[in-house]
Each structure stands twice: as structure tokens, then as C-alpha cells.
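# Summary of structural features
This is what each chain is made of:
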Amino acid sequence: MAPPVGTHVEPQMFRQVLAHVPTTVTVVTAATGDGPAGLVVGSFVSVSLQPPLVGVFIDESSASWPPMSGSGSFTVNVLAHDQQDLCARFARSGGEKFADLTWWESPHGNPVLPGTTAWLDCLVQQVQKLGDHFFAVAEVVGLGVEAGLAPMVFHCGSLLTVGDLAPSSHPTPGKGQP
């Protein structure tokens, strides 16, 4: 039975329930005045097709976001299933995350990480504070895909792999599928 409207939602229960929603694991990177910067973001969404907009949610306590927020652009790197080490590198606070890492520049000069499933180069349109996060909405101005790499997802506290699905295995809408 659903709780009555207006019932307080406990943060721990909220976190526990949302852990059952798989999320894409990305590293958002930017070129800053102090060099390249990056952080892991698990809340990445498509916002619009026309114009092509995406959004990322960044914890307000992030030490990496302040220098990145002034750059005007960032690149979303969608991690591949086998990039747990890269995820751990960018999930930590502080330190030189780009040390001994080979990467290339996106069209707007942001780091594109090696071996990722896909990348999206973005121009920031707006940043809004929502609760304990910043929501950065950006227009996609460049993108690419590494063929054949399954993405990494976060689900129930673990980093997992999404198996490759052949196009023929997708259900056809209206053929007995909801």
C-alpha cells in the first residue's frame, strides 16, 4: 500500500529504493585554467532531441566541479563495462586524475578518455541548483561511439555490465508488449 500523500520520505529509504534503478556510469571532463579536470557522474540524462540537449547532476560537495563549471563546456565519457579502474580514478576526490593517462581532445578541447563506449562534447546552456546537486544542461555539439563496447551501469551498489543486445532481440512495439 502506498504511503499517504505528504508522508516524509526518509533519505536512507529513498537511496535504497533508487538503488534498484540502474544508471549509466560516466566521467564528465573539462579543460580548465589549471589543466584537465574530471569526475564520475551517475546521473546523466537525455533532455531534448531538438536541440540536442543532455543533463548531468553533480553533487554540491564535489571538489572537481567548481573549476569545471566556469569552462563553458564539458565532455561526457560513457564508461565501458571493463573500465572499473578508470571509474575509481575519477571517483576519488583530489589527486592528479589524468597522470599517466593517454587521452585526446574533443572539438572543444575537453578530454575524451580512452576505451569509452561513447562520448558527447557539450556546451553548457544553464546550471541550476536542485536540492543537494547542481543540474547542468548542455547542448551536444560533437559525439562519437566506440563500436562493440557494452556500457558500465551502477545497480544496487555494484558496477555491472549490460549485455550486448542484437537489434532482433528488441521487442516490436504493439506485438504483445506493453
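That block above? That's the structure.
Throughout what follows, the structure given in this document is the object of discussion.

Reading the values: the criteria
Residues numbered from 1 in each chain as written. Predicted model: local features only at pLDDT ≥ 70, side-chain atom pairs only at ≥ 80, totals over all residues. Heavy atoms only, no water. Helix = DSSP H or I, 4+ residues; strand = E, 2+ residues; numbered from the N terminus. Buried < 20%, exposed > 50% of the residue type's maximum accessible area, 1.4 Å probe, protein only. Contact = heavy atoms within 4.5 Å. Areas by Shrake-Rupley, 256 points an atom, 1.4 Å probe, with all protein chains shown as cover. Core = buried A, V, L, I, M, F, W, Y, C linked by side-chain atoms within 4.5 Å. Salt bridge = Lys/Arg side-chain N within 4 Å of Asp/Glu carboxyl O. Polar contact = N/O pair within 3.5 Å; in protein donor to acceptor, adjacent residues only side chain to side chain. Pairing = 2+ DSSP bridges. Axes fitted to C-alpha atoms, helices over the stretch in contact; angles between N-to-C directions.

## Description of the overall build of the protein chain
Scanning the protein chain for helices and strands turns up three helices and twelve strands. A burial count over the protein chain gives 33% of its 178 residues as buried. The contacts of the protein chain with a sequence gap of at least 6 include a subset with a gap of at least 24, amounting to 62%. Within the structure as shown, the protein chain displays about 10600 Å² of accessible surface, and the carbon and sulfur contribution to it stands at 58%.

## With respect to the nonpolar core
In this structure, Val28, Val56, Met68, Phe74, Val76, Leu120 and Cys122 are the most contacted members of the largest nonpolar core, which totals 19 residues. Breaking this core down by element, the ones donating at least two residues are β2 (26-32), β3 (35-41), β5 (53-59), α2 (65-69), β6 (73-78), β9 (118-130) and β10 (133-145). Among all residues touching Val28, those that are not within four sequence positions of it are Ala37, Gly38, Leu39, Val41, Val56, Met68, Phe74, Thr75 and Val76. Core analysis: the second largest hydrophobic core is formed by nine residues, Leu79, Leu86, Phe90 and Phe98 among them.

## Overview of the pattern of salt bridges
According to the stated counting rule, one finds one salt bridge in the structure shown. Glu60 is the partner of Lys129 in a salt bridge, and the nearest nitrogen-oxygen pair spans 2.7 Å. A residue pair is termed long-range when its members are at least 10 positions apart, and Lys129 in strand β9 and Glu60 in the loop between β5 and α2 qualify at 69 residues. A relative accessible area of 41% places Glu60 in the partly exposed class.

## Let's talk about the side chain of Thr29
Within the element layout of this structure, Thr29 appears in strand β2. Residue Thr29 is classed as buried on the basis of its relative accessible area, which comes to 0%. Of note is the side chain of Thr29, whose polar atom sits 3.2 Å from the side chain of Asn77. The contacts of Thr29, once residues within four sequence positions are left out, are Ala37, Gly38, Met68, Phe74, Thr75, Asn77, Phe98, Asn110, Pro111 and Leu113.

## Here we look at the sheet that holds β9
Overall, antiparallel pairing links the seven strands, which are arranged β3-β2-β6-β9-β10-β5-β4 in an open sheet. Since the sheet does not close on itself, it has two edges, and those belong to β3 and β4 (44-48), each with one partner. Within this sheet the neighbouring strands show an average axis-to-axis angle of 35 degrees, counted without direction. Where β6 meets β9, six bridges bridge the pair, whose relative direction is antiparallel. By the bridge assignment, Val76 is partnered in β9 with Leu120. Relative to β3, helix α3 (residues 84-91) is tilted by about 110 degrees, and along the sheet it contacts β2 and β3.

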